[in-house]
Amino acid sequence: MEDNILEIKNLSTSFFTHLGEVKAVRDVSFSVEKGKVLGIVGESGSGKSVTALSCMRILQEPGRIVGGEILFKGEDLGKKSNKEMRAIRGNDISMIFQNPMSSMNAVLRVGDQLTEPLMEHTSISKKDAMKRAAELLSLVQIPDAEKRLRAYPHEFSGGMRQRAMIAMALACDPELLIADEPTTALDVTTQSQIIKLLSDIREKLGMSIILITHDLGVVAEICDSVVVMYGSMIMEEAPVDDIFHNACHPYTLGLLNSIPVVTGDSKNTRLEPIPGTPPNLLQPPPGCPFAPRCAYAMKVCTEKAPQNTQISDNHRSMCWLLHEDAPDNFLKRGNPIVR
Ligand code: SF4
């Protein structure tokens, strides 16, 4: 579709370890619209980050894309040479990683790190690159930008380092920004400032964002649509309002039920964790990957993988409960959100 900047079609990525093939991403398809924010949520190990690394083609050995297409503006990144990918990374697609301290070079001044992508991808002079670097630091609301360019990363607070990482990612005006858990290592106040910053930048620059997170609160604040991953597959995809008000997959419901709610009354409300542990991706279960932990699991769930059911135009979910013959069909009786 013309409105999509990125279309992932049937992407599969595996890690070929000495124990066998770890199927980290299985048959994943989704798209990102121009100027929109897509959230990818799920527990650790669900395949979120590997999906992002596959899009950027920066998987480390023994990881390998084993199938599917990554269409960026209609062109398959899987078919690009390493040289072509180097030109795309940082220029057209940028990525922010979750730990700004380990992602920045501790012995290089912030200004030198900010000018590096500019010098690599454009023919800009060092002097103009420094000017642009100061503009970028101001854009991410770091005060005294020119002076800060001479600082080393350890002289920045955690929040400032994350802002500097965002500035670095924005250096060449990318059309797609992939942010992998950009707020995980930060305190709550700084988290909320960084999310507000990403939202402002998206509006100002009109870029598309993929936001990888395990935090549904962050999703509610900034995302337009959401992909829910579990066991290396997509369980549900929907506009953000549908995820919060009309979720149709037991795993999504489990995630929603495990969010703390501030009710204002004195009643103690208990969080409801999802019991059990994620599947072993060396030997994923033959049926639904969520079956061993699902309160609604039926015999068929352990034997055969469910197909996607289209609930509305942009809402699909992969669960046997949505099958028209399911005894406890979610769609017929309404989903069981208790809160
Ligand atoms: Fe649960 Fe079965 Fe649906 Fe999987 S397919 S989420 S096991 S009900």
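Only a predicted model underlies this, so the values are computations on that prediction, with no experimental measurement involved. (Residues numbered from 1 in each chain as written. Predicted model: local features only at pLDDT ≥ 70, side-chain atom pairs only at ≥ 80, totals over all residues. Heavy atoms only, no water.)

Now for the site of the ligand. Residues in contact with the ligand amount to 13 residues; listed here are only the nearest, Cys288, Cys294, Cys301, Cys319 and Trp320. Of the residues in the shell around the ligand, the class split is 12 nonpolar, 1 polar and no charged. (Near = heavy atom within 4 Å. Nonpolar A, V, L, I, M, F, W, Y, C, P; charged D, E, K, R; others polar.)

By size, the foremost hydrophobic cluster in this structure holds 65 residues, and its most contacted members are Leu114, Leu137, Val140, Ile166 and Leu211. With 8 residues, the top contributor of residues to this core is helix H7 (residues 158-170). In contact with Leu211, not counting residues within four places along its chain, are Val37, Leu38, Gly39, Ile40, Ala179, Pro182, Leu198, Val218, Ile222 and Cys223. (Core = buried A, V, L, I, M, F, W, Y, C linked by side-chain atoms within 4.5 Å. Buried < 20%, exposed > 50% of the residue type's maximum accessible area, 1.4 Å probe, protein only. Helix = DSSP H or I, 4+ residues; strand = E, 2+ residues; numbered from the N terminus. Contact = heavy atoms within 4.5 Å.)

Here the focus is the environment of Gly67. Tracing the chain through its elements places Gly67 in strand S4 (residues 63-72). On the basis of relative accessible area, Gly67 is assigned to the partly exposed category, the value being 21%. Gly67 sits 57 residues away from Asn10 along the chain, and the two C-alpha atoms are 6.9 Å apart. Beyond its immediate stretch of four places on either side in the chain, Gly67 contacts Asn10, Leu11 and Ser12.

Taken as a whole, the protein chain is organised into domain 1 (4-229) and domain 2 (247-333). The C-alpha centroid of domain 2 is placed 29 Å from the C-alpha centroid of domain 1. If you look at the interface, domain 1 gives 17 residues, while domain 2 gives 12 residues. Approximately 1100 Å² of surface area, both sides summed, lies buried where domain 1 meets domain 2, with 61% of it carried by carbon and sulfur atoms. Taken together, the links from domain 1 to domain 2 amount to 1 salt bridge. Between Glu43 and Arg293 there is a salt bridge, and its shortest N-O distance comes to 3.1 Å. Counting across the domain 1 and domain 2 interface gives 4 residue pairs in polar contact (both at pLDDT 80 or more). For the side of domain 1 that touches domain 2, the elements supplying multiple residues, two or more each, are strand S2 (20-33) and strand S9 (225-230). With 8 residues, the single largest contributor to the side of domain 1 that touches domain 2 is S2. (Domains from an automatic or database assignment. Buried area = accessible area lost by both parts, 1.4 Å probe. Salt bridge = Lys/Arg side-chain N within 4 Å of Asp/Glu carboxyl O. Polar contact = N/O pair within 3.5 Å; in protein donor to acceptor, adjacent residues only side chain to side chain.)

The next subject is the packing of helix H4 (residues 110-121) against helix H5 (residues 126-139). Interhelical geometry of H4 versus H5 gives an angle of 115° and a closest axis separation of 9 Å. Here H4 lies roughly perpendicular to H5, going by the angle between them. Taken as a pair, H4 and H5 cross one another with a handedness that is right-handed. Only Lys126, Ala129, Met130, Arg132, Ala133, Leu136 and Leu137 of H5 make contact with H4, whose side of the interface consists of Gly111, Asp112, Leu114, Thr115, Leu118 and Met119. Across the contact of H4 with H5, the residue classes break down as 8 nonpolar, 2 polar and 3 charged. (Axes fitted to C-alpha atoms, helices over the stretch in contact; angles between N-to-C directions. Parallel < 35°, antiparallel > 145°, perpendicular 65-115°, else oblique. Left-handed = near helix turned anticlockwise from the far one by under 90°.)

Further remarks concern the packing of H7 against helix H8 (residues 188-205). With their axes 10 Å apart at the nearest point, H7 and H8 run at an angle of 20° to one another. When the axis of H7 is compared with that of H8, the two are roughly parallel. Note on packing geometry: the crossing formed by H7 with H8 is right-handed. Contacts between H7 and H8 involve Gly159, Gln162, Arg163, Ile166 and Leu170 from the former and Thr190, Gln193, Ile194, Leu197, Leu198, Ile201 and Leu205 from the latter. Of the residues contributing to the contact of H7 with H8, the split by class is 7 nonpolar, 4 polar and 1 charged.

A sheet is described by the order of its strands in space; here 8 strands give the open sequence S6-S7-S8-S3-S9-S10-S12-S11, paired in mixed fashion. The open sheet has two edge strands, strand S6 (93-96) and strand S11 (308-312), and neither has a second partner. With direction set aside, neighbouring strand axes in the sheet form an average angle of 20°. (Pairing = 2+ DSSP bridges.)

The relation between two aromatic rings is expressed through the spacing of the ring centres and the mutual angle of the planes. Inspection of the entire model under this criterion finds 3 aromatic pairs. Aromatic pair Tyr230 and Tyr251: ring centres 4.6 Å apart, planes at 50°, arrangement tilted. Taken together, the residues Tyr230 in strand S9 and Tyr251 in helix H11 (residues 250-257) connect sequence positions 21 residues apart. Take Tyr251: its relative accessible area is 0%, and that puts it in the buried class. Look at Tyr230 and Phe290: their rings are 5.1 Å apart centre to centre, the planes differ by 80°, and that puts the pair in the edge-to-face class. With Tyr230 in strand S9 and Phe290 in the loop between H11 and helix H12 (299-303), this pair connects stretches of sequence that are 60 residues apart. Phe290 matches Tyr230 in its accessibility class, with the two residues each being buried. In this arrangement the basic side chain of Arg64 is found over the ring face of Phe16, its NZ or CZ atom lying 4.3 Å from the centre. (Phe/Tyr/Trp six-rings, centres within 6.5 Å; stacked < 30°, edge-to-face > 60°. Lys NZ or Arg CZ within 6 Å of the ring centre and 35° of its normal.)

Moving on, we come to the pattern of salt bridges. Under the criterion given, the structure shown has 12 salt bridges. The residue Lys48 makes a salt bridge to Glu181 at a minimum N-O spacing of 4.0 Å. Of this pair, Lys48 sits in helix H1 (residues 48-56) while Glu181 is found in the loop between strand S7 (176-180) and H8, placing the two residues 133 residues apart along the sequence. A single burial state applies to Lys48 and to Glu181, both of which are buried. A salt bridge links Glu175 to Lys73, with the shortest nitrogen-to-oxygen separation between them at 2.7 Å. Taken together, the positions of Glu175 in the loop between H7 and S7 and Lys73 in the loop between S4 and strand S5 (75-76) put the pair 102 residues apart, joining distant regions of the chain. The class of Glu175 is partly exposed, set by a relative accessible area of 30%. A residue is classified by how much of its surface remains accessible, and Lys73, at 44% relative accessible area, is partly exposed. Here the salt bridges do not stand alone but share partners, grouping Arg132, Glu135 and Asp173 into one network.

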